[in-house]
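One-letter residues, chain by chain:
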Amino acid sequence: MPVPVSQMWAVAKYVITQKLKGRKRYPLVMQLEPLFRCNLACAGCGKIQYPAHILKRQLTPEQCWKAAEECGTPVVAIPGGEPMLHPQISQIVQGLIDRKRYVYVCTNALLLKEKIEAGWFKPNERLTFSVHMDGQEEHHDFAVCREGTYKTAVEAIKFAVDRGFRVTTNTTLFEGADPNSVRAFMDEMMALGVEGCMLSPGYAYPKAPDQKSFMTERKKVTDFFRMVLSNRKPHWQFNASPLFMEYLMGKRDYECTPWGLPTYCIFGWQKPCYLLQDGYVDTFKELMETTEWERYGRKSGNTACQQCMVHCGYEPTAVDHTFSSLSGFLATAKATLFSSYKDPEAERMLAQEATKPHGPLVQLGISATPKSASAKSERAASTVGAA
Ligand code: SF4
Ligand code: SF4
């Protein structure tokens, strides 16, 4: 069972209550960013680009708890930056657990083992570490621009799982990703004992320095996820709504629900979503009441939204669909019970992908048939080091 029944019930009860209250717009998961600084410098990151005086700032535990109470969602995800760099992160997490929240600490895991050993966290059904893993070793280390990161994260995952912590992974996939490698990555994560994996295409943050690495064509994205998520192995577990995964595979067409994952950070509540920054307000009420929601999503024509398929905008749509109608509920039940998605065409596409060059060197634009393999490695290493 990927997610405890108590959590599934808490989320289902919450969503049904919102429906019964007639709330057209309600948040599903709160994203809490207590700081932006990080101990990595990933090329695709839109958070660490702030100036030093901003990176030094952080939310207090009281600010975090107040925001969670205002928002009211049963689940709080804590990305960043790197939450483990917040000196009071254990206090923040405990306070949220005391307030009956299910907490996902999104971490690159470089400090996870150390913090567990230091007694910062105790296993709890309400606490999950969501480890940032961008694929198999060479892909992950390339994406986070530091060699050895995958090994450290794997060691931390094993350590946490062995001590009874809930662990999931979150993976952002970029242009040039290898679908066969992502499938092998799923096997690797399942072997480590993680509860489930979340896969999502990256979004071209305006602040991200490397704009070329993002998947930007919807058809390419859906073809990619069709290859990865069809013909699933029975032991694979996902930490995502089954209907959201069908959306990624191109089987459904959804519109974004930008209020579904509201974000609170050192600047306040971010308008309108985790990705765009169209201003900040002090209270959750103001966020809901003053944001011009009709300006966002594909139908609005907003250029920033046209290629976006990320989970923060579309997973709440999928969950809302599950609880909005009998057909949505039945579709979810079907997707859960019959999740193999047999697809011979996807198999054929995968076999074709296996003949193409993939991986960091291709992403760097280096020839797949170089005269000198060591020259390739040197160039890759220096580029990674400079990123
Ligand atoms: S680990 Fe996350 S927060 Fe840190 S640099 Fe990478 S993407 Fe940004
Ligand atoms: S489509 Fe994407 S970028 Fe646009 S509002 Fe939704 S989540 Fe944000």
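Note that the structure is a prediction, hence the values are computed from the model and not measured.

(A) Broad picture of the site of ligand 2. The immediate surroundings of ligand 2 are formed by Y203, C256, P258, C273, L276, Y296, C305, C308, G313 and Y314. Residues of the shell around ligand 2, tallied by class, amount to 9 nonpolar, 1 polar and no charged.

(B) Fine view of the environment of G95. Among the secondary structure elements, G95 is positioned in helix α4 (residues 89–98). The spacing of G95 and W65 is 30 residues in sequence and 6.7 Å in space, taken between C-alpha atoms.

(C) Geometry of the side chain of T257. Take T257: it is sitting in the loop between α10 (242–248) and β7 (263–265). Assessed through its relative accessible area of 12%, T257 is described here as buried. A distance of 2.6 Å separates polar atoms of two side chains, one belonging to T257 and the other to T317. If near-sequence neighbours (up to four positions away) are discounted, T257 is found in contact with C312, G313, P316 and T317.

(D) The arrangement of the site of ligand 1 in detail. All residues adjacent to ligand 1 are C38, L40, C42, C45, I48, G81, N108 and H132. When its residues are assigned to classes, the shell around ligand 1 shows 5 nonpolar, 3 polar and no charged.

(E) Structural detail: helix α12 (residues 311–324). With 14 residues, α12 extends 19 Å between its outermost C-alpha atoms, agreeing within 8% with the 20 Å of an ideal straight helix rising 1.5 Å per residue. Of all the 14 residues making up α12, 10 are buried; the element is thus mostly covered by neighbouring parts of the structure. Within the sequence span of α12, burial applies to C312, G313, Y314, E315, P316, T317, A318, V319, H321 and T322. Of the surrounding elements, those touching the buried residues of α12 are α1 (5–20), β1 (29–32), β6 (197–201), α9 (218–229), α10 and α13 (326–337).

Thresholds, definitions, all that
- Residues numbered from 1 in each chain as written.
- Chains lettered and ligands numbered in written order.
- Predicted model: local features only at pLDDT ≥ 70, side-chain atom pairs only at ≥ 80, totals over all residues.
- Heavy atoms only, no water.
- Near = heavy atom within 4 Å.
- Nonpolar A, V, L, I, M, F, W, Y, C, P; charged D, E, K, R; others polar.
- Helix = DSSP H or I, 4+ residues; strand = E, 2+ residues; numbered from the N terminus.
- Buried < 20%, exposed > 50% of the residue type's maximum accessible area, 1.4 Å probe, protein only.
- Polar contact = N/O pair within 3.5 Å; in protein donor to acceptor, adjacent residues only side chain to side chain.
- Contact = heavy atoms within 4.5 Å.
- Expected span 1.5 Å × (residues − 1).

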